[in-house]
Amino acid sequence: MTVALYTHADMLDHRPGSGHTERPERLSAVIDALSDASDLDLEPCDAPLVSPQDLARVHLPAYVQAIFEAAPTQGRLMLDADTFMSPGSLNAARRAAGSVVQAVQDVAAGLQGRAFCAVRPPGHHAEPHKPMGFCIFSNIAVAARVAQAAGLKRVAVVDFDVHHGNGTQAAFAGHEDLFFASVQQWPMWPGTGHPDEPVPANIKNAVVPPGAPGEEWRRAFESLMPHVDAFAPDLILISAGFDAHAFDPVGDAHQNLEAEDFAWATRAIASVATRHSGGRIVSSLEGGYGLEALGRSALAHVRALSAP
């Protein structure tokens, strides 16, 4: 199966600072790993700049305006303790959201069946009113709303980053035509996502403890799938974070996953997509900070997406 690959070189120009974990080399590692895989049938697709109007489907218009106006022309701007903007960051963030938006529009139009968006900065921590955790715009949540406007009315997001997608949860909470399922380590920053946390019925969280073996992570992930299946989505979006890999420097000594665990999870998601959404899946890169592990994991994920 052909997988559409949405990315753009502008996303390399987001430079949060020397030594920052979310560095341009992350995107290069993913693209290089995919490019070297002769067995993949990838269709390169460009990533447009997301419009302020589409961002405002999730983010407060005042927040969108503030980010546009604050974008620096030199130096760095600190948005929070982890999140910075450089002169290239606004275009990079707009391309990141634009990648996922264009992918869902193309899938809704029947031009593509499955897509992977190799993007940075990531998005699942950005809340409707603020940036957070390396994230400026909520790429996946914005794309979900665009997908609905394009006719795919019931949209599910499955998030397997080591950190909870608090921003996606905040954007989706209480909206019966959206569903968010997330597995993450507990305890772990940002301190949300425990199953005991009171959430609306369209949110399902699962957790694993630090140091959990891959089998325990798989059981936690598997517990989410019946809920996604029961939701019967028209489209499944994936927040594909690979920082639960055993050799990730952020998740180091916390989780013990290998690339095949992410491929296994992808196949489980694809099974639900085949039953309910005509196989339609759009995946967007979130975390993953060890370059070699990130490249291997992204490759395993996209290979699983390409399986019939």
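The following paragraphs examine the structure supplied in this document. Worth saying up front: this structure is predicted, and the values here are computed from it rather than measured.

Time to look at the pattern of salt bridges. According to the stated counting rule, one finds nine salt bridges in the structure shown. Of the charged contacts in the structure, one is a salt bridge between Asp-54 and Arg-57, with a shortest N-O distance of 2.7 Å. Note on Asp-54: relative accessible area 13%, which makes it buried. The partner of Arg-275 in a salt bridge is Asp-229, and the shortest N-O contact between them spans 3.0 Å. A residue pair is termed long-range when its members are at least 10 positions apart, and Arg-275 in helix α9 (residues 259-276) and Asp-229 in helix α8 (residues 225-231) qualify at 46 residues. Looking at Asp-229, the relative accessible area reads 24%, which means it is partly exposed. Through salt bridges that share partners, Glu-22, Arg-26 and Arg-120 make up one connected network.

Turning our eyes to something else, we now look at the packing of helix α4 (residues 89-108) against helix α5 (residues 139-149). Axes are the key here: two packed helices are described by the angle between their axes and the distance separating the axes. Viewed as axis vectors pointing N to C, α4 and α5 meet at an angle of 35 degrees, and their least axial separation amounts to 8 Å. Handedness of the α4/α5 crossing: right-handed. Only Asn-139, Ile-140, Val-142, Ala-143, Val-146 and Ala-147 of α5 make contact with α4, whose side of the interface consists of Ala-93, Ala-96, Ala-97, Val-100, Val-101, Val-104 and Gln-105. Of the residues belonging to the contact of α4 with α5, the class tally is eleven nonpolar, two polar and no charged.

Another aspect to go through is the environment of Cys-135. Considering the arrangement of structural elements, one finds Cys-135 in the loop between β5 (114-117) and α5. What makes Cys-135 buried here is its relative accessible area of 0%. For the pair Cys-135 and His-254, spaced 119 residues apart in the sequence, the C-alpha separation amounts to 22 Å. Once residues within four sequence positions are removed from consideration, Cys-135 is found in contact with Thr-83, Pro-122, Gly-123, His-124, His-125 and Ala-126.

On to the packing of aromatic side chains, then. This model, assessed by the stated rule, comprises ten aromatic pairs. Ring centres 6.0 Å apart and planes at 50 degrees place the aromatic pair Phe-160 and Phe-242 in the tilted group. You can see Phe-160 sitting in the loop between β6 (155-159) and α6 (166-172) and its partner Phe-242 sitting in the loop between β9 (235-240) and α9, a full 82 residues away along the chain. Three or more aromatic residues joined by ring pairs form one cluster here, namely Phe-160, Trp-217, Phe-221, Phe-242, Phe-262 and Trp-264. When the ring centre of Phe-84 is taken as origin, the NZ or CZ atom of Arg-76, which lies over that ring, is 4.6 Å away. Here Arg-154 stacks its cationic end above the ring of Phe-231, 4.1 Å away from the centre of that ring.

So, how was this worked out
Residues numbered from 1 in each chain as written. Predicted model: local features only at pLDDT ≥ 70, side-chain atom pairs only at ≥ 80, totals over all residues. Heavy atoms only, no water. Salt bridge = Lys/Arg side-chain N within 4 Å of Asp/Glu carboxyl O. Buried < 20%, exposed > 50% of the residue type's maximum accessible area, 1.4 Å probe, protein only. Helix = DSSP H or I, 4+ residues; strand = E, 2+ residues; numbered from the N terminus. Axes fitted to C-alpha atoms, helices over the stretch in contact; angles between N-to-C directions. Left-handed = near helix turned anticlockwise from the far one by under 90°. Contact = heavy atoms within 4.5 Å. Nonpolar A, V, L, I, M, F, W, Y, C, P; charged D, E, K, R; others polar. Phe/Tyr/Trp six-rings, centres within 6.5 Å; stacked < 30°, edge-to-face > 60°. Lys NZ or Arg CZ within 6 Å of the ring centre and 35° of its normal.

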